[in-house]
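# Structural features, examined
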Amino acid sequence: MTSIAFDGFRRLLLKGAIAVVIGLGGLPAFAQDKPDVIRIGSTAPGHLKFILAQKDGWWEKEFAKDGIKVELVTFNGGSEATTALATGAIEFTYTGNNPALRVAASGADVKLIGLSSYVRTGGSYIVVKTDSPLKTLQDLKGKKVAYLTGTVRHSNFSKALNSVGLTTNDVEGLNLPFEASGPALLRGDIDAIVETDSTAAKLVDTSEARILFDTGTHPEWNVPNVISVNGAFAAKYPDLIKRLLKVDIEISRWADAHPDETIKTFVEATKSSEKSVRKTYADGAFHQDPKLTDDAIEALKGEEKFMASAGLLKGSIDYGKWIDKSFVDAAAAEVAAVQ
């Protein structure tokens, strides 16, 4: 299985732009029974099922019989991944809910076809240096706080501030990934960082930082991460989408049946804190079933409303056009039929 890092993003976008031109009639298009390649994206290093598939070649094995190559593409952020999806540079994405909601609200031809995960525990940590004088969320007013804009962490941070009457306008926000924000925090260049619990825990576990606030204490803030497909691809190759999701279901069930191996693989790939990862999945399940449940869709609608009110979203989403349950329902039926 071929893996492509963010360095290949511009090349993929160029391919996507050419595909758009062809679709608009700028160049002659030729029908074919199957694509030469299926490109699946995720935010680096990838969501759990993406990581497991990368390690053991789940999708490569499924599509090899058709002579279809599979490329797994990692992006620096969800917005980059969903831009690639919308332009046709990739066919599928496993991303957080915020990037997926934004691209859907933009009117791009993308479809929500399943859940990447719906974990009710865990969330984001707001951490400060161990010896920081900051004690409460209110203490962050006017301080330098690093988080990746447009991510679930951004949304969680907004919710946390709103809970004490503040907004992100009350802090000096810095758009930094953990590779830059972690060292900046320890140097004292910034006052706090907002990261996923398993990532930020790397500083907490070594006593270099402490948790100022854990958004996991508000499970009602958790929203599912999603699987999306390019709309043109969905129209042309519906059976391939069903097959990809069938494998997705098999991966999710394998993870639940092999918890220790799953955690080991995830920790190694993400360089996360194993202690924090085990805490997130303390109930012994990974919550990776892709089924689009009613409560998951309601959670996405609630997140859309919050993002709009917090200035994190432009436009609105036509859920009837965006969501297509048919693929995952068909995949689940086929998996059930062989059990």
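Each remark here, short or long, concerns the structure printed above.
The rules behind the values
Residues numbered from 1 in each chain as written. Predicted model: local features only at pLDDT ≥ 70, side-chain atom pairs only at ≥ 80, totals over all residues. Heavy atoms only, no water. Helix = DSSP H or I, 4+ residues; strand = E, 2+ residues; numbered from the N terminus. Rg over C-alpha atoms; globule rule 2.2 N^0.38 Å. Contact = heavy atoms within 4.5 Å. Areas by Shrake-Rupley, 256 points an atom, 1.4 Å probe, with all protein chains shown as cover. Salt bridge = Lys/Arg side-chain N within 4 Å of Asp/Glu carboxyl O. Buried < 20%, exposed > 50% of the residue type's maximum accessible area, 1.4 Å probe, protein only. Phe/Tyr/Trp six-rings, centres within 6.5 Å; stacked < 30°, edge-to-face > 60°. Lys NZ or Arg CZ within 6 Å of the ring centre and 35° of its normal. Expected span 1.5 Å × (residues − 1). Core = buried A, V, L, I, M, F, W, Y, C linked by side-chain atoms within 4.5 Å.

Let us now look at the overall build of the protein. Counting secondary structure elements, the protein contains 15 helices and eleven strands. Over its C-alpha trace the protein gives a radius of gyration of 20 Å, about what one expects of a compact globule, namely 20 Å for 339 residues. The principal-axis extents of the C-alpha atoms in the protein amount to approximately 65 × 45 × 35 Å. Of the contacts made within the protein by residues no fewer than 6 positions apart, 81% connect residues no fewer than 24 positions apart. Carbon together with sulfur atoms contributes 53% to the accessible area of the protein, which is approximately 14,900 Å² in total.

Once that is clear, we can look at the pattern of salt bridges. Throughout the structure, instances matching the rule amount to 20 salt bridges. Of the charged contacts, one joins arginine 120 and aspartate 295 as a salt bridge, the two residues approaching to 2.7 Å between their closest N and O atoms. Residue arginine 120 is found in the loop between strand 5 (110-117) and strand 6 (124-129), and its partner aspartate 295 is found in helix 13 (residues 294-309); the two are separated by 175 residues along the sequence. Under the relative-accessibility criterion, arginine 120 is labelled partly exposed at 39%. Residue class for aspartate 295 comes out partly exposed when judged on its relative accessible area of 37%. Arginine 153 is paired through a salt bridge with glutamate 195; the nearest N and O atoms lie 3.7 Å apart. In this pair, arginine 153 is assigned in helix 6 (residues 152-162) and glutamate 195 in strand 9 (residues 192-196), connecting sequence segments 42 residues apart. The class of arginine 153 is buried, set by a relative accessible area of 17%.

What follows is about the packing of aromatic side chains. Tallied over the full model, the rule gives eight aromatic pairs. With 6.5 Å between their ring centres and 70 degrees between their planes, tryptophan 58 and tryptophan 254 make a pair best called edge-to-face. Within this pair, whereas tryptophan 58 is found in helix 3 (residues 58-64), its partner tryptophan 254 is found in helix 10 (residues 238-257), the two being separated by 196 residues in sequence. Ring plane angle 50 degrees and centroid distance 4.7 Å describe the contact between tyrosine 281 and phenylalanine 286, whose orientation is recorded as tilted. No difference in accessibility class separates tyrosine 281 from phenylalanine 286, as the two residues are buried. An aromatic cluster is defined as three or more aromatic residues linked by ring pairs; in this entry it consists of Phe92, Phe233 and Tyr237. Here the basic side chain of arginine 120 rests over the ring of tyrosine 118, its NZ or CZ set 3.7 Å away from the ring centre. Above the face of the tyrosine 319 ring, lysine 301 is positioned so that its terminal group lies 5.2 Å from the ring centre.

Let's shift gears to the side chain of asparagine 98. Take asparagine 98: it is sitting in helix 5 (residues 97-105). In contact with asparagine 98, not counting residues within four places along its chain, are Gly150, Thr151, Val152, Ser155, Glu303 and Met307.

The end-to-end C-alpha separation of helix 13 is 23 Å, in line with the 22 Å expected for 16 residues at 1.5 Å each. Looking at helix 13, one finds that the buried residues are Ala296, Ile297, Ala299, Leu300, Glu303, Glu304, Phe306 and Met307. In this structure, the buried side of helix 13 is in contact with helix 5, strand 5, helix 6, strand 11 (225-230) and helix 14 (319-322). Among the residues trailing helix 13, glycine 311 stands out with phi positive, at a value near 75 degrees.

Counting 40 residues, the largest nonpolar core has Ile40, Trp59, Phe92, Ile241 and Leu245 as its most contacted members. Per element, the largest residue contribution to this core is nine residues, and it comes from helix 10. Excluding residues within four positions of it along the chain, phenylalanine 92 makes contact with Ile38, Arg39, Ile40, Gly41, Leu85, Ile113, Ser228, Val229, Phe233, Ile241 and Leu244. If you look at the next biggest cluster of nonpolar residues, it comprises 31 residues, including Ala89, Val103, Val226 and Trp322.

Bear in mind that shape data such as this cannot, by itself, settle questions of function.
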